[in-house]
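This is what each chain is made of:
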Amino acid sequence: GRALGARDTPLPPLTGLAGRLDRAYRNWLETAPIFIGLVLLGHALGAADSALNLGAGLYLAARLLYVPLY
């Protein structure tokens, strides 16, 4: 079986819901470092005010909505 052998050959791409969730997850991995870096920079510069909190909250809410809408 596949679980016992070497995994040298790539698996076929995911389809359906699993494929959508995988693509949404990979998209998150691309955007999360930028988001986290900007939030940390805002805190380091002392700009952690209500605008930063609102922006971060809106971004996270949009990311949560993105998954089911994708």
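Residues numbered from 1 in each chain as written. Predicted model: local features only at pLDDT ≥ 70, side-chain atom pairs only at ≥ 80, totals over all residues. Heavy atoms only, no water.

Caption draft 1: Expanded view of the pattern of salt bridges. If you walk through the whole model with that rule in mind, you get one salt bridge. Aspartate 22 is paired through a salt bridge with arginine 26; the nearest N and O atoms lie 3.0 Å apart. Taken together, the residues aspartate 22 and arginine 26, both in helix H1 (residues 16-44) and four residues apart, mark about one turn of the helix. We classify aspartate 22 as partly exposed; its relative accessible area is 23%. (Salt bridge = Lys/Arg side-chain N within 4 Å of Asp/Glu carboxyl O. Helix = DSSP H or I, 4+ residues; strand = E, 2+ residues; numbered from the N terminus. Buried < 20%, exposed > 50% of the residue type's maximum accessible area, 1.4 Å probe, protein only.)

Caption draft 2: Spatial organisation of helix H2 (residues 50-69). For H2, which comprises 20 residues, the first-to-last C-alpha distance of 28 Å matches the rise-based estimate of 28 Å (1.5 Å per residue) to within 8%. Looking at H2, one finds that the buried residues are Leu52, Ala56 and Arg63. Take H2 and look down its axis: the buried residues cluster within an arc of 35 degrees, on one side only. Across H2 from its buried face, at more than 90 degrees, point the exposed residues Ser50, Ala51, Leu54, Leu58, Leu64, Leu65, Pro68 and Leu69. Buried residues along H2 sit against H1. (Expected span 1.5 Å × (residues − 1). Arc of directions from axis to C-beta. Contact = heavy atoms within 4.5 Å.)

Caption draft 3: Spatial organisation of the packing of aromatic side chains. Applying the stated rule across the entire model yields two aromatic pairs. Judged by centre distance (4.4 Å) and plane angle (20 degrees), the ring pair of phenylalanine 35 and tyrosine 59 falls under stacked. In this pair, phenylalanine 35 sits in helix H1 while tyrosine 59 sits in helix H2, placing the two residues 24 residues apart along the sequence. Through a chain of ring-to-ring contacts, the aromatic side chains of Trp28, Phe35 and Tyr59 assemble into a single cluster. (Phe/Tyr/Trp six-rings, centres within 6.5 Å; stacked < 30°, edge-to-face > 60°.)

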